[in-house]
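Observations on the three-dimensional arrangement
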Amino acid sequence: MTFDIVFVLGLTLAALFLFALDRVRVDQVALAVPVVLLLGGILTPTEAVSGLSSRATVTVGSMLVLGLGLRKTGLVAAIGAWARTAPLGGKYARMFALCLICAFLSPFLMTTAVVLVFLPVFVALAEQAEEPASRYLMPLSFVSILGGTVTLMGTTTNLVVHGEAMRRGFDDLGMFSITPLGLICLAVGLLYLFTAGRVLLPRRFRPPDLSAKYDVRRFVTELHVPEDSPANGRSLAQLGWGERYGVTVLDIERGDREITAPHGDRHIRPGDILYVQGSAERLLELARRQRLKTPRERKEHELDVAGGRGRLVEVLVAPGSHLVGRTLRDLNFGQRYDATVIAIQQHGVTVRERLAELSFRVGDLLLVRGTTSALQRLADDPGFVPMAEVKAEAGNRPRAAVAAAIMAGVVLSASFGVLDIMTAALTGVILMVFTRCVHVEEIYGEVEWLVIFVLAGLIPLGVALETTGAAELLAGGVVTLTSPLGEIGLIAAFYLMTAIMTAIVSNAATAVMLTPVAIFAATQGGVNPYALLVAVMFGASASFVTPFGYQTNVMIYGPGGYRFTDFVKVGGLLNLILLITATIFIPLFWPS
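Residues numbered from 1 in each chain as written. Predicted model: local features only at pLDDT ≥ 70, side-chain atom pairs only at ≥ 80, totals over all residues. Heavy atoms only, no water.

Among the secondary structure elements, Asp330 is positioned in helix α17 (residues 328–331). Classification of Asp330 by relative accessible area gives partly exposed; the value is 47%. A sequence separation of 29 residues divides Asp330 from Ser359, and the C-alpha atoms of the two residues are 9.5 Å apart. (Helix = DSSP H or I, 4+ residues; strand = E, 2+ residues; numbered from the N terminus. Buried < 20%, exposed > 50% of the residue type's maximum accessible area, 1.4 Å probe, protein only.)

Below, the structure written as structure tokens:
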């Protein structure tokens, strides 16, 4: 074993450890990898930046832009709006029909985009059926993931494996080459989720309203502002009560006027009645220091969910949101949206204090209070997904038919071999921009660049694994271990190894690292290389056993009220069933 192999394997283990630790952003780690390889003399400058020009990176980026165009023209939202009211039968028939719709969309849209649109639809469906959302959201995520395995463009991992395989001369996989296996896995998954899986799904009822769910009523206090209070004449921004005391002013009652979700430039006046949210200790300290009075006879101040000037709405932090990795203070949330965040759920834990200092992640739930117009602005922001319907003004870009035609052209031209997938996707992007289905500023601001940078950083690691001989060494070890089981054992090993890595680190990262290993293993084991490449594709999408291995699972974790063990129970058995299914059918479709 040479020094170069030891260096590359050590760097790979270090990157995997940092990914699993989740203390450093995954894109930061990924971008550091080619720099370390360059400084270590493992890669040339051209190889170190090869991830930026890789077919996989360009194709994935193009597909993200095409999906953005479909969302911006309102096509996907229109399907979601139709699904809310369409006569699709009883509650179980309706749920099954909606799952089929998601499964139909996922092969042609990124899975995340499908779940973003249908998440509120499935929450509303659960409420109509008077059942907990936990019975509906896991099937939404799992079916959308399985639907993405039906075509090459359905998931990032499919495109990554395909692109990296083409770079190494394996270019026989077409748009629908994996469709038969994908449809079989989808059918098996649906059968499981509506039979044994449905029995395992947890039944966790939500509290009757949002203020009860976040337990905020007992943290809201009415405070009167007397003439001698030092707060008089000063703005909320100048007072800085959020930073000093960890409290939030929800409303100001001024005579007959109610000021909902006041922002920082609002001034306090004598006689104001403030409705303040925070812990008992902090509220008492605020009242004492600012000489605010608590009335002897307190009025009931309802935190309304559905009406009045102020509404409570639960919103989800979406993938690609500008709030990810930042705080409310960084974003100047109150000033930007004219709304107030009064509680946050992060991985099922509710936080009510020091909210301005909390750094956000994808899947966090925010309990927001504001006027209807303020909440409309929030709903229009692609970084947030309202869990309840917020009526927004109709968009001024009625080009849904144009966007659909462009997407159909991309699929058909790639399917019939007129253009390769990358060229078709790039052509689609140019058409989307020039027909104004999507604006260039929106591409810069709303595309999930994290995926692009992860690929740009980790594809050079795949090159290093190949050129140093590390991939060949790993492949030899896997072939030796599985040799008693033959071809089926090797396919099962790669599927299982990929699924386990995907549960710990990014699925795209897993695909990049294991693709060269799979190719070497196929050569050494005398197996059809496409069999192992497809095993990596499907194994990287088999992220059902943890809530954090796939973004759609992260997105449903909070709204569904799930626990980690729920995914282990429901997703673990599904993973095992799909492992057996893939091991049986892959050798039939790609024989040696």
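Looking now at the layout of surface pockets. Volume-wise, the second largest pocket comes out at about 740 Å³. Considering the residues around the second largest pocket, the lining is formed by 30 residues, among which Gly242, Glu243, Thr248, Gly334 and Ala356 are closest to the centre. Those elements that provide at least two residues to the lining of the second largest pocket are α14 (236–239), α15 (241–245), β2 (248–254), α17, α18 (333–337) and β6 (339–346). (1 Å grid on protein atoms, 1.4 Å probe; cavity = no way out; pocket = protein on both sides within 12 Å on 5 of 7 lines; lining within 4 Å. Points joined across faces, edges and corners; volume = space filled by probe spheres on them.)

A word on the confidence of the model for the chain. For the chain, the mean per-residue pLDDT works out to 86, and 93% of the residues sit at or above 70. At the low end of the mean pLDDT range in the chain sits helix α13 (residues 210–213), at 64; at the high end sits helix α11 (residues 179–193), at 96. Long-range and interchain partners of residues 296–300, a stretch whose pLDDT sits below 50, account for seven contacts in this model, where long-range means more than four residues apart. Low pLDDT, under 50, characterises residues 392–396; the predicted model gives this stretch three contacts beyond four residues in sequence or across chains. (pLDDT = per-residue confidence, 0-100. Contact = heavy atoms within 4.5 Å.)

Before going further, it helps to spend a moment on the pattern of salt bridges. Tallying each qualifying case throughout the model produces 11 salt bridges. The partner of Arg167 in a salt bridge is Glu164, and the shortest N-O contact between them spans 3.3 Å. With a gap of three residues between them, Arg167 and Glu164 both fall in helix α10 (residues 156–167), about one helical turn apart. Taking the relative accessible area as the measure of exposure, Glu164 reaches 0% and is therefore buried. The salt bridge partner of Glu164 is Arg168, with a shortest N-O separation of 3.2 Å. When sorted by exposure, Glu164 lands in the same class as Arg168, which is buried. (Salt bridge = Lys/Arg side-chain N within 4 Å of Asp/Glu carboxyl O.)

Another aspect to go through is the pairing of strand β5 (residues 311–317). With seven of its seven residues buried, β5 lies for the most part within the structure. Of the two faces of β5, the one carrying Arg311, Val313, Val315 and Val317 and the one carrying Leu312, Glu314 and Leu316 are both buried. Inspection of the sheet shows β5 paired to strand β8 (residues 365–370) by six bridges, in the antiparallel sense. By the bridge assignment for β8, Glu314 is matched with Leu367. Pairing of β5 with strand β9 (residues 384–386) involves three bridges; the strand directions are antiparallel. (Pairing = 2+ DSSP bridges.)

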